[in-house]
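Single-letter residue listing:
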Amino acid sequence: MEQISNEKKLQEIARQIRRNIITMLAEAGSGHPGGSLSAVEILTALYFQEMRVDPANPQWPERDRFVLGKGHAAPVLYATLAEKGFFPREELLTLRKINSRLQGHPDMRKVPGVDMSTGSLGQGFSASVGMALAGKMDKKDYRVYLLLGDGEIQEGQVWEGAMAAAHYKLDNLTAFLDHNGLQIDGPVQEVMSPEPVVDKFKAFGWHVEQIDGHSFTQITRALEIAKSIKDKPTMIIAETVKGKGVSFMENEAGWHGTAPKKDQAAQALEELA
Amino acid sequence: MEKVATRDAYGKALVKLGEQMPQVVVLDADLSKSTKTHDFKKVFPERFINVGIAEQNLLGIAAGMAASGKIAFASTFAVFATGRAFEQIRNSIAYTELNVKIAATHAGLTVGEDGASHQAIVDIAVMRALPNMTVIVPADGTETEKAVFAAATHDGPVYIRLGRAPVPVLFGEDYKFQIGKAVVLRDGKDVSLLACGIMVNEAMKAAEELAREGVSARVINVSTLKPMDKDTIIKAALETRALVTAEEHNIIGGLGSAVAEVIVENAPVPLERVGVRDTFGESGKPEELLEKYGLTVKDIKEAAYKVIKRKKG
């Protein structure tokens, strides 16, 4: 019973986060809805169930870390952090505007709760490896979470990082691959296929889980498994839908980096009511 | 004169630093025996990370460790650190203002026989152009050790440029190094010779010869390329009214450009730049390369006479 009500609670938060993403992007007039919406459940599960964080003390040394490898999905991170109480919700409407803390891509020096500045793809991977290494070195029990795009893993730096994480047996590092199948120029499969991703990460020495990235039950179970795996980092390959939750955005590459107009936002919010 | 390569001084300094500061970690990309981070590894294996031949990951991991409270020294050859991993330095280290100290060795032509592919000649230019980055080019082993300690206690990213070849030890233990402070090594009134790295010793020798020929040359060690010590440079421009810069780097973007920026805005006087004249190097012995590419005492002297001739009044 408790689990069901907990899942309902998470779904409610995810719905609110989606609404915030649409609202802030419409207000900004630019930004990345598709890859933000596909990762909502993952961030919701991490921040509202899994991660040890304290919004009142964002720099708490014992906190779990989160690195948004696909930094262009900043709206989902900002919406989640605001929902969690790291900064006021109203501030979301300043996204991408002059003098705002909410830059187009996350800036760790500006936004409470952002653990690493990202935006250039692949760089977050190495940073998360560094954080996990530092945690091991200091014998701290914090965990590091990383969210990758499936287009992002075309970057060579990703594989340098993957090799190093396995080599140093970083079982305190868990990555999600937001496997939504689309990148700016079209289907990932057509632009430059990174498949088979399961075999590739296994071959790089990772424990790999495959889940439905919109199912809280499956996300939770995969995170539990990740914590039980010793001496290996875990890659959770999350099958997701780009633009998830907004009918006209789902599975459309065109919504990778285009903000909804006011009427489109209104329709989206109606669907997410 | 005793000779020490600045990379050797770096390795020894790291060990001392490691003893004093437990938060110091050192990273390398399969060149630890060449960059001398191996010295640190032998004493503190648990605080040493080898990432293999993966420079982008090297700088990225260093950033992640710095974001977790470490002071991360990351080393590889200058050409790879600042070239291959430039954007990692830009976005993960400079933009984030993290405590990563990029100590890059084998800079300049004196890499020697490995040739142009391995000779960093634009590293100062690109590091200097990055916001939040401090750039240090030590002249000898003593200054290297002091720069390493200063970088460790400086809050934010630092680029330290080191060389492969042994160079004369110019300074004693009493030498005072401060980030952002140029040091007048020899006073003079007819011309000022501003140098960094291995060219400081050449500038000193040039000044001695010029003195014998009746020319009084001031020599200034500009070891911090960013932030520039404007006061010392402006004073030299006003008092000697002719400047020569000397660097083991392309004449575009390095010390010569940095000095030109300062004097043009504050005290315009004639300037001659000694450096690699916008060309790639080649294989050869260090001293042969310095000769062929115009980085000798003779070149500095010629520049001095030329700039004195251009003086007004």
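Residues numbered from 1 in each chain as written. Chains lettered and ligands numbered in written order. Predicted model: local features only at pLDDT ≥ 70, side-chain atom pairs only at ≥ 80, totals over all residues. Heavy atoms only, no water.

### Some remarks on the overall build of chain B
Step number 1: Each helix and strand in chain B was counted, giving 13 helices and 14 strands.
Step number 2: Relative to the 2.2 N^0.38 estimate, which gives 20 Å for 313 residues, the radius of gyration of chain B is 19 Å and therefore close to what a compact globule would have.
Step number 3: With respect to the three principal axes, the spread of C-alpha positions in chain B is 60 × 40 × 35 Å.
Step number 4: Considering only contacts within chain B whose residues lie at least 6 apart along the sequence, 79% involve residues at least 24 apart.
Step number 5: Total accessible area computed for chain B in this model is approximately 11,800 Å², and 51% of it derives from carbon and sulfur atoms.
Step number 6: Across chain B, the mean location of the 39 positive side-chain charges is 2 Å away from that of the 40 negative side-chain charges. (Helix = DSSP H or I, 4+ residues; strand = E, 2+ residues; numbered from the N terminus. Rg over C-alpha atoms; globule rule 2.2 N^0.38 Å. Contact = heavy atoms within 4.5 Å. Areas by Shrake-Rupley, 256 points an atom, 1.4 Å probe, with all protein chains shown as cover. Lys, Arg positive; Asp, Glu negative; His and termini not counted. Charge placed at Lys NZ, Arg CZ, Asp CG, Glu CD.)

### A look at the UniProt feature "domain: Transketolase-like pyrimidine-binding" (unreviewed entry) in chain B
Step number 1: Summarizing the sequence annotation, UniProt attributes the feature "domain: Transketolase-like pyrimidine-binding" (unreviewed entry) to residues 4-169 of chain B in the numbering used throughout.
Step number 2: Secondary structure across residues 4-169 of chain B comprises 43% helix and 18% strand; the distance between its end C-alpha atoms is 6 Å. (UniProt positions renumbered as here; feature names shortened; annotations may be inferred.)

### Examining the interface of chain A and chain B
Step number 1: At the junction of the two partners, chain A supplies 24 residues and chain B supplies 25 residues.
Step number 2: Interface of chain A and chain B: buried area, both sides summed, is about 2,000 Å²; carbon and sulfur atoms make up 54% of it.
Step number 3: Considering only the surface of chain A that becomes buried against chain B, A:Gln123, A:Met137 and A:Glu160 emerge as the three largest contributors, covering 28% of it.
Step number 4: The interface formed by chain A and chain B contains 12 residue pairs in polar contact (both at pLDDT 80 or more).
Step number 5: Looking at the side of chain A that touches chain B, the elements that each hand over two or more residues are α5 (123-137) and α6 (156-167) of chain A.
Step number 6: For the side of chain A that touches chain B, the element with the most residues is α5(A), which contributes 9 residues.
Step number 7: A class-by-class count of the residues in the side of chain A that touches chain B yields 11 nonpolar, 8 polar and 5 charged. (Buried area = accessible area lost by both parts, 1.4 Å probe. Polar contact = N/O pair within 3.5 Å; in protein donor to acceptor, adjacent residues only side chain to side chain. Nonpolar A, V, L, I, M, F, W, Y, C, P; charged D, E, K, R; others polar.)

### Considering helix α9 (residues 216-228) of chain A
Residue and element names in this part refer to chain A.
Step number 1: The end-to-end C-alpha distance of α9, which contains 13 residues, comes to 19 Å, matching closely the 18 Å that a straight helix rising 1.5 Å per residue would cover.
Step number 2: Within α9, burial applies to Phe 216, Ile 219, Ala 222, Leu 223 and Ala 226. All buried residues of α9 project into a common sector of 130° when viewed along the axis, lining one side. (Expected span 1.5 Å × (residues − 1). Buried < 20%, exposed > 50% of the residue type's maximum accessible area, 1.4 Å probe, protein only. Arc of directions from axis to C-beta.)

### Quick notes on the UniProt feature "domain: Transketolase N-terminal" (unreviewed entry) in chain A
Step number 1: UniProt annotation of "domain: Transketolase N-terminal" (unreviewed entry) refers to residues 12-269 of chain A when read in the numbering used here.
Step number 2: The distance from the first to the last C-alpha atom of residues 12-269 of chain A is 14 Å, and the span holds 40% helix and 13% strand.

### Some points on the sheet that holds strand β10 (residues 191-195) of chain B
Residue and element names in this part refer to chain B.
Step number 1: Strand order across the open sheet formed by 5 strands is β9-β11-β10-β13-β14, with mixed pairing between neighbours. Each edge of the open sheet carries a strand with a single partner, namely β9 (183-186) and β14 (271-276). Adjacent strand axes in the sheet meet at a mean angle of 25°, parallel and antiparallel pairs treated alike.
Step number 2: Pairing analysis gives 3 bridges linking β9 to strand β11 (residues 217-221), with the strands arranged antiparallel. (Pairing = 2+ DSSP bridges. Axes fitted to C-alpha atoms, helices over the stretch in contact; angles between N-to-C directions.)

### Looking at the packing of helix α10 (residues 230-240) of chain B against helix α11 (residues 255-266) of chain B
Residue and element names in this part refer to chain B.
Step number 1: Closest axis-to-axis distance for the α10/α11 pair is 10 Å, and the angle between their directions is 65°. Regarding α10 and α11, the two cross each other, and that crossing is right-handed. In this structure, α10 uses Lys 230, Ile 233, Ile 234 and Ala 237 to contact α11, whose residues at the interface are Val 259, Val 262, Ile 263 and Asn 266.
Step number 2: The class makeup of the residues in the contact of α10 with α11 is 6 nonpolar, 1 polar and 1 charged. (Left-handed = near helix turned anticlockwise from the far one by under 90°.)

### Points about unusual backbone geometry
Step number 1: Residues A:Glu195 and A:Pro196 are joined by a peptide bond in cis, for which omega reads 0°.
Step number 2: Assignment of secondary structure puts A:Pro196 in the loop between α7 (188-192) and α8 (197-203).
Step number 3: Here the residue pair B:Lys226 and B:Pro227 is connected by a cis peptide bond, since its omega of 0° sits within 30 degrees of zero.
Step number 4: With respect to the secondary-structure elements, B:Pro227 resides in the loop between β12 (224-226) and α10.

### Comments concerning the pairing of strand β7 (residues 234-239) of chain A
All names here are of chain A.
Step number 1: With 5 of 6 residues buried, β7 lies mostly within the body of the structure.
Step number 2: As judged from the 6 bridges shared by strand β3 (residues 173-179) and β7, these two strands associate in the parallel manner. Counterpart to Leu 177 in the pairing with β7 is Ile 237.
Step number 3: Here strand β6 (residues 207-212) pairs with β7 via 6 bridges, running parallel. Looking at β7, one finds that Val 208 is bridged to Met 235.
Step number 4: As for the winding sense of the linkage, the β-α-β connection from β6 through α9 to β7 is right-handed. (Right-handed = clockwise from strand over helix to strand, strands pointing away.)

### Some details on the pairing of strand β13 (residues 243-250) of chain B
Residues and elements named next belong to chain B.
Step number 1: Buried residues dominate β13, accounting for 8 of its 8 residues.
Step number 2: Relative to β13, β10 is paired through 4 bridges, and the arrangement is parallel. By the bridge assignment, Ser 192 is partnered in β13 with Leu 243.
Step number 3: In the sheet, β13 pairs with β14 via 5 bridges, with the strands oriented parallel. Following the sheet pairing, Leu 243 is matched in β14 by Leu 271.
Step number 4: The parallel pair β13 and β14, bridged by α11, forms a crossover whose chirality is right-handed.

### Some remarks on the side chain of A:Asp64
Residue and element names in this part refer to chain A.
Step number 1: Counting through the fold element by element, Asp 64 comes out in the loop between α3 (40-50) and β1 (65-68).
Step number 2: Buried and unpaired, Asp 64 has Arg 52 as its nearest opposite-charge partner, separated by 4.4 Å.
Step number 3: One polar contact links the side chain of Asp 64 to the main-chain amide nitrogen of Arg 52, over a distance of 2.8 Å.
Step number 4: There is a polar contact of 2.8 Å between the side chain of Asp 64 and the backbone nitrogen of Arg 143.
Step number 5: If we ignore the near neighbours within four places in the chain, the residues touching Asp 64 are Glu 50, Met 51, Arg 52, Val 53, Asp 115, Tyr 142, Arg 143 and Tyr 145. (Salt bridge = Lys/Arg side-chain N within 4 Å of Asp/Glu carboxyl O.)

### Observations concerning the nonpolar core
Step number 1: In terms of nonpolar packing, the biggest core is built from 140 residues, with A:Tyr47, A:Phe66 and A:Trp206 touching the most fellow members.
Step number 2: In terms of residue count, helix α1 (residues 2-28) of chain A provides more of this core than any other element does, 9 residues in total.
Step number 3: Mapped onto the domain boundaries, this core takes at least three residues apiece from domain 1 (3-168) and domain 2 (183-311) of chain B.
Step number 4: Residues B:Tyr10, B:Ile71, B:Leu162 and B:Val200 belong to the second largest nonpolar core, which totals 57 residues. (Core = buried A, V, L, I, M, F, W, Y, C linked by side-chain atoms within 4.5 Å. Domains from an automatic or database assignment.)

### Comments concerning α10(B)
Within an α-helix, residues lying three or four positions from one another point in the same direction, as the helix has 3.6 residues per turn.
Residues and elements named next belong to chain B.
Step number 1: Those residues of α10 that fall on the buried side of the exposure criterion are Thr 232, Ile 233, Ile 234, Ala 236, Ala 237 and Thr 240.
Step number 2: Next to the buried residues of α10 lie β9, β10, β11, β13 and α11.
Step number 3: Where α10 ends, the next residue or the one after it, Arg 241, has phi of about 55°, a positive value.

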